[in-house]
Amino acid sequence: MGGLLVIGDAVTDVVAVHGAPVATGTDTPADIVVRPGGSGANTACWAAHLGADARLLTRVGYDTGAWHVAELRGAGVRPHARVDPGHPTAVVIAMVDGAGERSMLTNRGAGGRIGPSDWDDRLLDGVSRLHVSAYTLFAGPGLDLFRTAVRAAARRGVAISVDPASTGPLAGFGVDRFLRETAAASLLVPNRDEALLLTGERDPEAAAAALGARYGMAAVKLGAGGALLARDGRVVARAPAVAARAVDSTGAGDAFAAGFLAALLSGHPAESALVAGCAAGARAVARLGGRPVPAGGMPAVRISESGEPLCSP
């Protein structure tokens, strides 16, 4: 089984789970936990947890960089992380409602400054798939890094996949521009909304088929609706969601991507890899935070609504 190199952010996640709607101008009771996260880092950690040889290229900040590197290593990931001396690590404040849906406030910090200087062709040694979180593309240096990495992967015959990341920055970057920049990818792993945005379709199956025609293969995440697999212009498989009590949807899409990619790297057909992706996503939504195991190097701190510190779940 070849290695998986992920390019993406490592992020300090502040997750606040609130049962009632957030009240403007006053307090809203919530359970709050601080954990390492980031789409790219989460995907790498889930992939390592599922048995893949996972590596992560990222940039962390002067404030919590050592913690993030230790957490990645503790999760079984091989981190390639430059510490930015002038900027803090990216931070996301995720507000999670009673249904497990989240709204996020984001500061990309050092992650928004990763660029070609962070690249070395030797990062692809032993790697059979390059997977990129599209957050990387949404800043100029990161886009240059993406182009450099894709050229190097193409020279070596390394498969390329992309997660479109999020509809807001994706729309700001531009759909046509995104499709043009990611044309070398042979697999896209969007969620439903991203698939619809990228294709202009109103139906997820039509969107999946269109993306499968463009990239060769697309695995479209539908949340509670499971997932669709499209290849060469038609939907070829559907996988149901695995039943789970939704606690926090943070990292569920990253876990799906990791499960899907880890299964592919193990030699499973894409159809069964789709099922593996749904299983990993279900495990992610059943716990707080975006990683498969509790933080270790700097323990996650959970605060109850009463203000008492609790053990990390």
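Looking at an unreviewed UniProt entry, one finds the protein chain named Sugar/nucleoside kinase (Ribokinase family) and attributed to Sphaerisporangium krabiense. What the UniProt record of the protein chain gives under Sequence similarities (unreviewed entry) is the line "Belongs to the carbohydrate kinase PfkB family."

Let us now look at the packing of aromatic side chains. Enumeration according to the criterion identifies three aromatic pairs in this entry. On the numbers, 5.5 Å between centres and 50° between planes, the contact of F138 with F173 is tilted. One end of the pair, F138, is in the loop between β8 (127–133) and α3 (140–156); the other, F173, is in helix α4 (residues 167–173), and 35 residues separate them in sequence. When its relative accessible area of 22% is taken as the criterion, F138 is described as partly exposed.

Turning next to the packing of helix α8 (residues 252–265) against helix α9 (residues 270–285). Where α8 meets α9, the closest approach of the two axes is 7 Å, and the angle between their N-to-C directions is 145°. With respect to the hand of their crossing, α8 and α9 are arranged in right-handed fashion. The segment α8 lies against α9, with A252, A255, F256, G259, F260, A263 and L264 engaging A270, A273, L274, A276, G277, C278, A280, G281, A284 and V285. The residue inventory of the contact of α8 with α9, partitioned by class, reads 14 nonpolar, three polar and no charged.

A word on unusual backbone geometry. Most peptide bonds are trans, and most residues other than glycine sit at a negative phi. The backbone phi angle of A165 is positive, close to 85°, even though this residue is not glycine. Take A165: it is sitting in the loop between β9 (159–163) and α4. Located in the positive-phi region is D232, a residue other than glycine, with phi close to 50°. Looking at the secondary structure, you find D232 in the loop between β12 (227–231) and β13 (234–239).

What follows deals with the side chain of D254. Tracing the backbone through its elements, the reader meets D254 in helix α8. It turns out D254 is buried and unbridged, and the closest side chain with the opposite charge, K221, is 5.8 Å from it. Sequence-distant contacts of D254, defined by excluding residues within four places in its chain, comprise G38, S39, N42 and T43.

Cut-offs applied
- Residues numbered from 1 in each chain as written.
- Predicted model: local features only at pLDDT ≥ 70, side-chain atom pairs only at ≥ 80, totals over all residues.
- Heavy atoms only, no water.
- UniProt positions renumbered as here; feature names shortened; annotations may be inferred.
- Phe/Tyr/Trp six-rings, centres within 6.5 Å; stacked < 30°, edge-to-face > 60°.
- Helix = DSSP H or I, 4+ residues; strand = E, 2+ residues; numbered from the N terminus.
- Buried < 20%, exposed > 50% of the residue type's maximum accessible area, 1.4 Å probe, protein only.
- Axes fitted to C-alpha atoms, helices over the stretch in contact; angles between N-to-C directions.
- Left-handed = near helix turned anticlockwise from the far one by under 90°.
- Contact = heavy atoms within 4.5 Å.
- Nonpolar A, V, L, I, M, F, W, Y, C, P; charged D, E, K, R; others polar.
- Lys, Arg positive; Asp, Glu negative; His and termini not counted.
- Salt bridge = Lys/Arg side-chain N within 4 Å of Asp/Glu carboxyl O.

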